[in-house]
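# Structural overview for review
Here is how the chains run, residue by residue.
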Amino acid sequence: MLEIKDFSVAARDSAVLLDGISLSVAVGTAVGLTGQSGAGKTTLLKSILGMLDRQCDITSGEIMVDGSSLYALSQKQRRGLCGTTLGFIPQNPMTAFDSRVKIKNQMLETLQLRAGLSVLEAQKISMELLSDLGLDHPERVMESYPPQLSGGMLQRVTVALLLALNSKYILADEPTSALDEENRALLLEQLEKRKNVSGILFISHD
């Protein structure tokens, strides 16, 4: 279970960013989180991922992942959770990829390193998931560089990668923001299927 217990974060100027947040996400459940801009939703996700800005301090509480305190782990141990235990769908997918490297190379390398797949297995799964998420020409997407793809296409690439990694907990930060109605439905359908084996924290204004 992913547990956030009485968790508070403040900026160095003493501004309170999170104040006593408590929630839990178990495998097999989806938890929705909403709030106005600036309410601290993304700050919470950064806290779970160990990516808080240096100008922020945790003032109380803890985050537990399967019974282990996240902030008691070393940086290397926290990195080890990323992808397979904690999967992240960013609000801005443009920042998720190296613009100088083809999508194919980034996806296959990640799946080889994090999921232990062979090149052929990684390519097969990537193509299938890209197609399932409404990308009609997955071969072209794989051979493209990130700047050659739209925000909506990149958002679906990040989701395909996360689903291929079989993340135990999925942290979705406005995952449908760059998608039209049809492709939003496809993404939600894939997440609904994954809910049987994952816990989902879904952040949205919708």
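From a predicted model like this one, the values you see are computed outputs, not experimental measurements. (Residues numbered from 1 in each chain as written. Predicted model: local features only at pLDDT ≥ 70, side-chain atom pairs only at ≥ 80, totals over all residues. Heavy atoms only, no water.)

## Comments concerning the overall build of the protein chain
Scanning the protein chain for helices and strands turns up seven helices and eight strands. The C-alpha radius of gyration of the protein chain comes to 17 Å, within 12% of the 17 Å expected for a compact globule of 206 residues. Burial status across the protein chain gives 43% buried among its 206 residues. The long-range share in the protein chain, meaning contacts at least 24 apart out of those at least 6 apart in sequence, stands at 69%. (Helix = DSSP H or I, 4+ residues; strand = E, 2+ residues; numbered from the N terminus. Rg over C-alpha atoms; globule rule 2.2 N^0.38 Å. Buried < 20%, exposed > 50% of the residue type's maximum accessible area, 1.4 Å probe, protein only. Contact = heavy atoms within 4.5 Å.)

## Observations concerning the sheet that holds strand S8 (residues 199–203)
Within the open sheet, the four strands sit side by side as S3-S8-S7-S6. Their pairing is parallel. Strand pairing shows two members of the sheet lacking a second neighbour, strand S3 (30–33) and strand S6 (86–89), which therefore form its edges. On average, each strand axis in the sheet is tilted by 15 degrees relative to the strand beside it, whichever way the strands run. Across four bridges, the pairing between S3 and S8 is parallel. Its bridge partner lying in S8, Gly-32 is registered against Phe-202. Against the sheet, helix H7 (residues 181–194) touches S6, strand S7 (169–173) and S8, its axis set at about 150 degrees to S8. (Pairing = 2+ DSSP bridges. Axes fitted to C-alpha atoms, helices over the stretch in contact; angles between N-to-C directions.)

## Observations regarding the sheet that holds strand S5 (residues 68–69)
As summarised here, the arrangement of the four strands in space is S2-S1-S4-S5, forming an open sheet in which the pairing is antiparallel. Pairing within the sheet leaves two strands with one partner each, and these edge strands are strand S2 (16–25) and S5. Bridge analysis of strand S1 (residues 2–11) against strand S4 (residues 56–65) gives eight bridges, and the strand direction is antiparallel. Within S4, the position partnered with Ala-10 by the bridge is Asp-57.

## Quick look at the packing of helix H3 (residues 103–115) against helix H6 (residues 151–165)
Across the interface, H3 lies against H6 with an axial gap of 10 Å and an inter-helix angle of 20 degrees. Taken together, the axes of H3 and H6 are roughly parallel relative to one another. Read as a crossing pair, H3 and H6 show a hand that is right-handed. Contacts between H3 and H6 involve Ile-103, Met-107, Thr-110, Leu-111, Arg-114 and Ala-115 from the former and Leu-154, Val-157, Ala-160, Leu-161, Ala-164 and Leu-165 from the latter. A breakdown of the residues in the contact of H3 with H6 according to their chemical character gives 10 nonpolar, one polar and one charged. (Parallel < 35°, antiparallel > 145°, perpendicular 65-115°, else oblique. Left-handed = near helix turned anticlockwise from the far one by under 90°. Nonpolar A, V, L, I, M, F, W, Y, C, P; charged D, E, K, R; others polar.)

## What to know about the nonpolar core
Counting 32 residues, the largest nonpolar core has Met-107, Leu-130 and Val-157 as its most contacted members. If you list the elements that add at least two residues to this core, you get H3, helix H4 (119–132), helix H5 (138–142), H6, S7, H7 and S8. Contact partners of Val-157, with chain neighbours within four places excluded, come to Phe-97, Ile-103, Met-107, Leu-130, Leu-135 and Val-141. (Core = buried A, V, L, I, M, F, W, Y, C linked by side-chain atoms within 4.5 Å.)

## Here we look at a negative patch on the surface
On the surface, a cluster of negative charge is contributed by Asp-136, Asp-180, Glu-181 and Glu-182. Structurally, Glu-182 can be placed in helix H7. For Glu-182, a relative accessible area of 60% corresponds to the exposed category. (Patch = residues over 30% accessible without salt bridge, like charges linked within 9 Å, V, L, I, M, F, W, Y side chains within 5 Å. Areas by Shrake-Rupley, 256 points an atom, 1.4 Å probe, with all protein chains shown as cover. Salt bridge = Lys/Arg side-chain N within 4 Å of Asp/Glu carboxyl O. Lys, Arg positive; Asp, Glu negative; His and termini not counted. Charge placed at Lys NZ, Arg CZ, Asp CG, Glu CD.)

## A look at the packing of H3 against H4
Packed helix pairs are specified by the crossing angle of their axes together with the interaxial distance, meaning the distance between the axes. Here H3 crosses H4 at 120 degrees, and the two axes come no closer than 9 Å. Here H3 lies oblique to H4, going by the angle between them. The crossing of H3 and H4 is right-handed. Of H4, the residues touching H3 (which contributes Lys-104, Met-107, Leu-108, Leu-111 and Gln-112) are Val-119, Ala-122, Gln-123, Ser-126 and Leu-130. When the residues that make up the contact of H3 with H4 are grouped by side-chain class, the tally is six nonpolar, three polar and one charged.

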